[in-house]
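# Architecture at a glance
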Amino acid sequence: MAVCGSRTSHIGHFVGNITARRLQCGLSMNCTVSYNKRGFEKVRKINMSLRNKGHPNNMLFQYFTTHVTKRWANPKSYIEIGSEGLHNLSPTCFSSGTASAPGVSSDNAKGEEQVANTAADSSEAKIPLKLNSGSFYLPHPAKAKTGGEDAHFMCTLTQAIGVADGVGGWADLGIDAGLYARELMSNSLAAIQEEPKGSIDLIRALDKAYVRTKAKGSSTACIVALTDEGLYAVNLGDSGFMLVRHGYATFKSPAQQHGFNFPYQLDCNNAGDSPSSAMVFKIAVAPGDVLIAGTDGLFDNLYDEDIKVVVLQSVEAGLGPQMTAQRIAELAQQRAMDTNKSSPFSDGAQEAGFEYHGGKLDDITVVVSYITNNENS
């Protein structure tokens, strides 16, 4: 992300081809939702200029092909601290760093709860399910030395995944925002493991993680868990997730933004948004569904149709979730460097009144989970 914010001000930089990132987040989607509007009522956007200078030729391709992917494994936990490359889900845990769903409703005291009817067969929904997950992470080339500013976790014990996107604007203050995102995800994983079995509360877990995170910085957060009732998710900011079933995108989480390129975020100084502002989702799922979670480096550069096609082709080819995540990340990377093809980010910029074309170079995190029948897997 590009910028840092407070309750009274927000400085947004858009430099060159948007190598900078943003700090707070907003709402988009063709579904009826509501959310808590907290703070930032006097937000000032300073120096909001978009200069389309193009992307450095082949920079991301050269970076990807010359760096060795890193794997982290531990008998008790599996934690990624922002290293680039491929990641399989370990036997336990790992942490690192569109069509709208029909029948979406909201009724909540904490944040936003949306019950999405994705037309899963009721008999299938009762079958014990599990997540078979893999991830792929590519930091922005300019942030490779510090491991980038994204973080994520995967855990089979709790059947949960999470992604976070640190706000890059802290770099102007000499602070690596990736540290905050990684600590937030590590604390989120620990908090989820502390939840009572069978009665997980993701808002409570996110709140615990937020309170325990002491690094300087700020970050978005998206956590998804598979429960007996289906997917249970919380999302704050413009990271997010989508669900693909039988080749169709059946659900996608809306982004939360205070304004264009100004996402909701958790902040080390308690000056940002609260975990209670996160949107909460409960979604029925079935064996064969594919869950794709990612940071905005994914969703700013690929349309839902692009992601859906890669998932469908990967499943038909018999590829596992890790390779599917890699294919999606690579495509997002290619689009980020394309100055001619439209992207979700360029669409949003133009809708906000800015002249911008092409993709957006950024950290890219993709976590893919195949939802399988636990009894037969």
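Here is a short report on the structure shown in this document. Since the structure is predicted, the reported quantities are computational estimates derived from the model, not experimental observations. Along each chain, the written sequence defines residue order, and numbers are assigned to residues from 1. With the structure being a predicted model, the display of local features is reserved for residues of pLDDT at least 70 and the display and counting of side-chain atom pairs for 80 or more, all residues being used for whole-chain, interface and lining totals. The side-chain values count all of the structure's non-hydrogen atoms but skip hydrogen atoms and water molecules.

### Side note on the overall build of the protein
Only DSSP runs of H or I covering at least 4 residues are called helices, and only runs of E covering at least 2 are called strands; the numbering of each starts at the N terminus. Broken down by element type, the protein carries eight helices and 20 strands. For the protein, with 377 residues in total, the buried portion stands at 58%. For accessible areas, the Shrake-Rupley method is used with a probe of radius 1.4 Å. Any residue's cover is judged against the shown protein chains and nothing else. Here the protein has roughly 14800 Å² of accessible surface; of this, 50% comes from carbon and sulfur atoms. Accessible area is worked out with a 1.4 Å probe on protein chains only. A residue is then buried under 20% of its type maximum, exposed over 50%, and partly exposed in between.

### Here's the deal with the packing of aromatic side chains
The description of an aromatic ring pair uses the distance of the two centres, along with the angle that the planes make with each other. Note on ring pairs: Phe, Tyr and Trp rings are taken, using the six-membered ring of Trp, and paired if centres are within 6.5 Å. Classes follow the plane angle, with under 30 degrees stacked, over 60 edge-to-face and the rest tilted. Counted under the stated rule, the structure contains six aromatic pairs. For the pair F260 and F354, a centre-to-centre distance of 5.9 Å together with 35 degrees between the ring planes defines the contact as tilted. Here F260, found in the loop between β15 (257-259) and β16 (262-263), pairs with F354, found in the loop between α8 (344-351) and β20 (364-373); they are 94 residues apart in sequence, far enough to count as distant. Using a relative accessible area of 16% as the deciding quantity, one classes F260 as buried. Grouping aromatic residues by their ring pairs yields a cluster made of F260, F345, F354 and Y356. Of note, K282 hangs over the ring of Y232, and the distance from its end group to the ring centre comes to 5.4 Å. Note on geometry: a ring has a charge over it if NZ (lysine) or CZ (arginine) is within 6 Å of the ring centre and within 35 degrees of the ring normal.

### Concerning the side chain of N235
Topologically, N235 is positioned in strand β12 (residues 230-236). Owing to a relative accessible area of 0%, N235 belongs among the buried residues under this scheme. Polar contact is defined as a pair of N or O atoms within 3.5 Å, subject to the rule that within protein one atom must be able to donate a hydrogen and the other to accept it, and that residues adjacent in sequence are counted only when both atoms are side-chain atoms. A distance of 3.5 Å separates the side chain of N235 from the backbone oxygen of G237, its partner in a polar contact. With residues up to four places along the chain from it excluded, the contact list for N235 reads A221, C222, G240, S253, P254, Q256, A278, M279 and F281. Residue contacts are counted whenever heavy atoms from the two residues lie within 4.5 Å of one another.

### Some words on the pairing of strand β14 (residues 248-252)
Summarising burial for β14: four of the five residues are buried, a large majority. Alignment of strand β13 (residues 240-245) against β14, held across four bridges, turns out to be antiparallel. Within the sheet, the bridge partner assigned to L243 lies in β14 and is F251. We call two strands paired when DSSP finds no fewer than two bridges between them. Where β13 folds back on β14, the antiparallel hairpin that results is connected by two residues, among which H246 adopts a positive phi of roughly 55 degrees.

### A short note on the nonpolar core
Only buried residues count toward a nonpolar core, which is a set of Ala, Val, Leu, Ile, Met, Phe, Trp, Tyr and Cys residues joined through side-chain atoms within 4.5 Å. Grouped together as the largest cluster of nonpolar side chains are 30 residues, with contacts concentrated most on V234 and L266. Contributions of two or more residues to this core are made by β8 (150-155), β9 (160-165), α3 (177-193), α4 (202-212), β11 (221-227) and β12. The element that contributes the greatest number of residues to this core is α3, accounting for seven residues. Residues in contact with L266, not counting those within four places in the same chain, are Y180, L184, L206, Y210, G217, S218, S219, A221, L236, D273, S274 and P275. Counting residues in hydrophobic clusters, the runner-up holds 22 residues, among them L138, I292, I328 and V366.

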